[in-house]
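Notes for the structure review
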Amino acid sequence: MKQKVLLVIDMQKGSFSQKTPRYDTQGVVNRINLLADRFRTSGNHVFHIQHDGTRDNDFVPNTEAWEILSELNVYKDDVLISKYANDVFYNSNLKLELDVHNITELYITGCATDFCVEATIQSALAKDYNITVVKDGHTTGSRPHLSAVKVIEHYNWVWQNMIPTKGAIKVESFETILNAF
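Report follows, based on the coordinates. Per chain, residues are indexed from 1 in the order of the written sequence. Since the coordinates come from a predicted model, pLDDT governs what is reported: local features require at least 70, and pairs of side-chain atoms require 80 or more to be given and counted, while whole-chain, interface and lining totals use all residues. To get the side-chain values, all heavy atoms of the structure are used, and hydrogens and water are removed first.

**A closer look at the pattern of salt bridges**
This is how the line gets drawn: Salt bridges, as used here, are contacts in which a Lys or Arg side-chain nitrogen is within 4 Å of a carboxyl oxygen on Asp or Glu. Throughout this description, buried means an accessible area under 20% of the type-specific maximum (1.4 Å probe, protein chains only), exposed means over 50%, and partly exposed covers the range between.
According to the stated counting rule, one finds 12 salt bridges in the structure shown. Close ionic contact of D56 with R55 constitutes a salt bridge, the shortest N to O distance being 3.8 Å. Residue D56 is classed as exposed on the basis of its relative accessible area, which comes to 52%. A salt bridge links E172 to K170; its shortest N-O distance comes to 3.9 Å. What makes E172 partly exposed here is its relative accessible area of 22%. Since its relative accessible area comes to 39%, K170 is described here as partly exposed. A cluster of three or more residues bridged by salt bridges with shared partners is formed by D24, R31 and D136.

Structure follows, in structure tokens:
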């Protein structure tokens, strides 16, 4: 049976400091927790992605910056994936875990919209996965030329207008996805 996965990208303490404020952090965390519960109870999967920045002496495993936000619910059956670049697929065991669990449908959430979330979506699209971006389930910070709200709005528009390969891509609100389960 084909399975679905909720990917929770880089929701780590080091990405949510006073130095790096994110838009609607608590709202995004709450929506991810509710979706993750729905995925688990429906027999699907939750994968938490953690950036390992050992190479850059940043987000080093087992340091506070590397840890997943305390407000996120992580269960023992959730899969933890280390990543080493913006694209979660690059040099990680994500593809192996997706294959082992027979997953063809990815629901994507996390941080940062314009970096790791974007890179992962582009990579997954090129690998023919069916992708649903949780429209209000990803966050970022304001950039020098654009507010966080506008960055999120822009990327949601981009993803809605992408040409898929063999898979499909859509952008749906948290409520729409929750109600579809």
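Continuing now.
**Here's the deal with the packing of aromatic side chains**
Condition: In this analysis, rings of Phe, Tyr and Trp, with Trp reduced to its six-membered ring, are considered paired at centre separations within 6.5 Å, and the interplanar angle assigns stacked below 30 degrees, edge-to-face beyond 60, and tilted for intermediate values. The helix and strand labels rest on DSSP assignments: H or I over at least four residues marks a helix, E over at least two residues marks a strand, and numbering proceeds from the N terminus. The criterion is that NZ of a Lys, or CZ of an Arg, lies within 6 Å of the ring centre and within 35 degrees of the ring normal, and then a charge sits over that ring.
Per the counting criterion, the structure on display carries five aromatic pairs. Seen in terms of ring centroids, F39 and F181 are 4.8 Å apart; in terms of plane orientation they differ by 50 degrees. Their pairing is tilted. Of this pair, F39 sits in helix α1 (residues 25-41) while F181 sits in the segment after α5 (174-180), placing them 142 residues apart in sequence. Residue F181 is classed as partly exposed on the basis of its relative accessible area of 29%. Connected via pairs of aromatic rings, a cluster forms that spans F39, Y107 and F181. Over the face of the ring belonging to F181 we find K4, whose NZ or CZ atom lies 4.9 Å from the ring centre. A cation sits over an aromatic face here: K127 above F89, 4.9 Å from the ring centre.

**Brief notes about the nonpolar core**
Rules: Residue types Ala, Val, Leu, Ile, Met, Phe, Trp, Tyr and Cys, when buried and joined through side-chain atoms within 4.5 Å, form a set referred to as a nonpolar core. In what follows, a contact means two residues having at least one pair of non-hydrogen atoms within 4.5 Å.
One finds L7, F47, L98, L106 and W159 to be the most contacted residues of the largest nonpolar core, which totals 28 residues. Of all the elements, helix α3 (residues 113-126) adds the most residues to this core, at five residues. Excluding its chain neighbours within four sequence positions, the residues that come into contact with W159 are T113, V117, E118, I121, V133, H138, I169 and V171. Judged by nonpolar contacts, the second largest core, of 21 residues, contains M11, L35, Y107 and A112.

**Concerning α3**
For clarity, the cut-off: Here the expected span of a helix is defined as 1.5 Å times the quantity of residues minus one.
Given a rise of 1.5 Å per residue, 14 residues ought to cover 20 Å, and the 18 Å separating the end C-alpha atoms of α3 matches this to within 8%. Among the 14 residues that make up α3, 10 are buried, leaving the element largely enclosed by the rest of the structure. Three or more residues of α3 are buried, namely T113, D114, C116, V117, E118, T120, I121, S123, A124 and L125. Here the buried face of α3 lies against β1 (3-9), β3 (79-83), β4 (103-111), β5 (130-139), α4 (148-160) and β6 (169-172). Backbone geometry just downstream of α3 places D128 in the positive-phi region, at approximately 70 degrees.

**Considerations on the packing of α3 against α4**
Defined as follows: A fitted line through C-alpha atoms represents every axis, and for helices the fit uses only the stretch in contact; the resulting angles, taken between N-to-C directions, go from 0 to 180 degrees. Under this scheme an angle from 65 to 115 degrees is roughly perpendicular, one under 35 degrees roughly parallel, and one over 145 degrees roughly antiparallel; angles in between are oblique. Put simply, a crossing is left-handed when the front helix is turned counterclockwise from the back one by less than a right angle, and right-handed when it is turned clockwise. As a working rule, the residues Ala, Val, Leu, Ile, Met, Phe, Trp, Tyr, Cys and Pro are called nonpolar, Asp, Glu, Lys and Arg charged, and the rest polar, with Gly in that last group.
For the pair α3 and α4, interaxial distance at closest approach is 11 Å and the crossing angle is 10 degrees. Taken together, the axis directions place α3 and α4 in an arrangement best described as roughly parallel. Seen along the crossing, α3 lies across α4 with a hand that is right-handed. Residues T113, D114, V117, E118 and I121 of α3 lie in contact with α4, whose contacting residues are V151, I152, Y155 and W159. Per-class residue counts for the contact of α3 with α4 are six nonpolar, one polar and two charged.

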